[in-house]
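Report on the structure
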2 protein chains.
Amino acid sequence: MRRLDFQRKTRIIVVDDNYDHASGIRELINLENEYEVIANAGNANVAISLIKKYQPDIVLMDMNMPDVDGITAISKISELNLETKIIVLTAYDDPDLIFRAMKLGAKGYILKTMASHQLIHALDEVSQGKIYLPNVLCSRFFEYFQNFEKNQQNAGYEDENNLLNDLTNREEEVLSLLTQGVTYKGVAQKLFISETTVKTHVNNIFQKLQVNDRTQAVLYAINKGFLNRQKAKIA
Amino acid sequence: MRRLDFQRKTRIIVVDDNYDHASGIRELINLENEYEVIANAGNANVAISLIKKYQPDIVLMDMNMPDVDGITAISKISELNLETKIIVLTAYDDPDLIFRAMKLGAKGYILKTMASHQLIHALDEVSQGKIYLPNVLCSRFFEYFQNFEKNQQNAGYEDENNLLNDLTNREEEVLSLLTQGVTYKGVAQKLFISETTVKTHVNNIFQKLQVNDRTQAVLYAINKGFLNRQKAKIA
DNA sequence: TTTTTTCTAAATCTTTAGATTTAGATATAT
DNA sequence: ATATATCTAAATCTAAAGATTTAGAAAAAA
């Protein structure tokens, strides 16, 4: 399934602060006649300017770099909105790293411990527009992904520091309306209570959430996953 | 790599509205001596009550069902917080479906068109706690995932209906402070302008966003991805 | 050059919002 | 039986928010 277009080789930039390692990769790749390493960067900032200048097809990015970390580098590169595809090279199968890299649009992820033909295989897949993620790393990704989603949904639920837990049922109802931008009068009408009662509730809410006004209360609620809670209760 | 624990078979519930298809799967699985289909559900509601009652190890869930759709069913099952693992069976490789199913915690995803030994393989992997997603579907997932993330980051950027686009620079600065719960006086101090000027800006913001007060303005801003915008500008 | 936009500001006024205190009615728990 | 928590409500007050009009200065666009 190698590309048969010999008119132009797939151009690669290698980003690695270890010069020996980078050279090894360069030689390995240059053995293949459809790929060529056109440049080599020792740190993220050099990498970014080189990528801007040469707009390579693929960037092979090492993740253990000084100064700017790999994730930040990937983020900056993807902000350039180029056609350049990023393949991450790393020593560890840290699920958080895999997750964040893929989130930022990395097209491949390989461990340094993997056999060298894996690297070429990754280049083949990615240059064809596919995503290359070995099964082991794919599993890691999904474990993390599913945990992440679960935590998103339950954000702040069993959190000891979540002041929302101190609210009474009625106060939650009132806060819910506040997060919809309803006024005192509006709340009073919707809950069939007097406006002064609403004020009492709102004041209690402010004290419990340790805020001074409704905007801050709403912001606190949103940050602590109050909206998710409400959804859960409705459903 | 099959499990060697013959003391208890892995218990499976099949959810499929097509009886013939369900029977086929049942027979196929019962050929394997480490698995047994303990029940069969023709729709989602029956499935959920059966799952509550029997707490199976694995649920094989067909996605083309009447009434309650498969995604809703998965959502409800995962809310039960059981150890039950869900494998999705479907005819189409719709990336949105794959994405949502995996997001909700499905442990496997197979196409009906795939060979039957794939199903058994999926059962093996999932019963061992792994995630089973064939390469083709994995690619689909990541394409969708990365697009999704990109859209999340640019939420509302080039949206014609996004009233935030009508704001001037100064108004954006003011709104940014409002989304932090700052008062008129506070905004005036931070921007080195008079309080009345702040009021003018805020009133203009309200008109442009078609809202009546700061809470609604803040909510509008958050929903339309204003916070992401600000982050992008700072960075 | 003239027009338009943006940022600035003040004055005036009405309406909410928020703080604080007090208190009756219910229900729950000790 | 007596605290304790919750929901209700009113009165009173101050501070903040919001609406509306008018207008000068500077910059950018026509």
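In case you missed it, the structure is sitting above this.
Residues numbered from 1 in each chain as written. Chains lettered and ligands numbered in written order. Predicted model: local features only at pLDDT ≥ 70, side-chain atom pairs only at ≥ 80, totals over all residues. Heavy atoms only, no water.

Some thoughts on the pattern of salt bridges
Applying the stated criterion across every chain, the model contains 11 salt bridges over all chains. Among the ionic pairs, A:R100 bridges to A:D96, the shortest N-O distance being 3.3 Å. With a gap of four residues between them, A:R100 and A:D96 both fall in helix 4 (residues 95-103), about one helical turn apart. A:R100 gets classed as partly exposed once you look at its relative accessible area, which sits at 38%. The partner of B:D62 in a salt bridge is B:K112, and the shortest N-O contact between them spans 2.5 Å. (Salt bridge = Lys/Arg side-chain N within 4 Å of Asp/Glu carboxyl O. Helix = DSSP H or I, 4+ residues; strand = E, 2+ residues; numbered from the N terminus. Buried < 20%, exposed > 50% of the residue type's maximum accessible area, 1.4 Å probe, protein only.)

Remarks on the packing of aromatic side chains
Applying the stated criterion across every chain, the model contains 23 aromatic pairs over all chains. Here A:F99 and A:Y144 contribute two aromatic rings whose centre-to-centre distance is 5.2 Å and whose plane-to-plane angle is 50°, an arrangement assigned as tilted. With a gap of 45 residues between them, A:F99 in helix 4 and A:Y144 in helix 6 (residues 135-153) connect regions that are remote in the sequence. The exposure class assigned to A:F99 is buried, which follows from its relative accessible area of 3%. With centroids separated by 5.2 Å and ring planes inclined at 85°, the aromatic side chains of A:F141 and A:F142 adopt a geometry described as edge-to-face. For A:F141, a relative accessible area of 0% gives the class buried. Taken together through their ring pairs, the aromatic side chains of A:F99, A:F141, A:F142, A:Y144, A:F145, A:F148, B:F99, B:F141, B:F142, B:Y144, B:F145 and B:F148 make up a single cluster. For the cation-ring pair, B:K199 lies above B:Y184, with the distance from its terminal atom to the ring centre recorded as 5.5 Å. (Phe/Tyr/Trp six-rings, centres within 6.5 Å; stacked < 30°, edge-to-face > 60°. Lys NZ or Arg CZ within 6 Å of the ring centre and 35° of its normal.)

A short note on the environment of A:L80
Residue and element names in this part refer to chain A. Among the secondary structure elements, L80 is positioned in the loop between helix 3 (70-79) and strand 4 (85-90). With 32 residues separating them in the primary sequence, L80 and I48 have C-alpha atoms 9.4 Å apart. Ignoring sequence-local partners within four residues, the contact set of L80 consists of I51 and K52. (Contact = heavy atoms within 4.5 Å.)

Some details on the relation of the copies chain B and chain A
When chain B is brought onto chain A, the operation consists of a screw motion whose angular component is 180° and whose axial shift is 0.0 Å, with 0.2 Å RMSD remaining. Both copies are brought into coincidence by an operation consistent with a two-fold rotation axis. Taking C-alpha positions as the reference, the residue of chain B nearest the rotation axis is B:T215, at 2.6 Å. Most of the interface of chain B is mirrored in chain A: 100% of its interface residues are interface residues there too. (Least-squares fit on C-alpha atoms with pLDDT ≥ 70 in both.)

Quick look at the protein's contact with DNA strand C
Around DNA strand C sit 18 residues in total, of which A:Y184, A:N203, B:T168, B:R170 and B:S194 are the nearest. In the interface set of DNA strand C, defined as its atoms within 4 Å of the protein, sugar plus phosphate atoms amount to 71%. A:R214 places a main-chain nitrogen or oxygen 2.9 Å from a phosphate oxygen of DNA strand C. Within the side chain of B:H201, a nitrogen or oxygen atom sits 3.0 Å from a phosphate oxygen of DNA strand C. Elements represented by at least two residues in the surface near DNA strand C include exactly helix 8 (184-191) and helix 9 (195-209) of chain A together with helix 7 (169-178) and helix 9 (195-209) of chain B. When its residues are assigned to classes, the surface near DNA strand C shows three nonpolar, 10 polar and five charged. (Near = heavy atom within 4 Å. Polar contact = N/O pair within 3.5 Å; in protein donor to acceptor, adjacent residues only side chain to side chain. Nonpolar A, V, L, I, M, F, W, Y, C, P; charged D, E, K, R; others polar.)

Notes on the sheet that holds strand 1 (residues 10-15) of chain A
Residue and element names in this part refer to chain A. With parallel pairing, the five strands of this open sheet are ordered in space as 2-1-3-4-5. Two strands close off the open sheet at either side, each with one partner strand: strand 2 (35-41) and strand 5 (108-111). Within this sheet the neighbouring strands show an average axis-to-axis angle of 20°, counted without direction. On top of the sheet, helix 2 (residues 44-54) reaches strand 1, strand 2 and strand 3 (58-62); it is set at about 135° to strand 2, its chief contact. Strand contacts of helix 5 (residues 116-127): strand 1, strand 2, strand 3, strand 4 and strand 5, with the helix running at about 160° to strand 4, the strand carrying the most contacts. (Pairing = 2+ DSSP bridges. Axes fitted to C-alpha atoms, helices over the stretch in contact; angles between N-to-C directions.)

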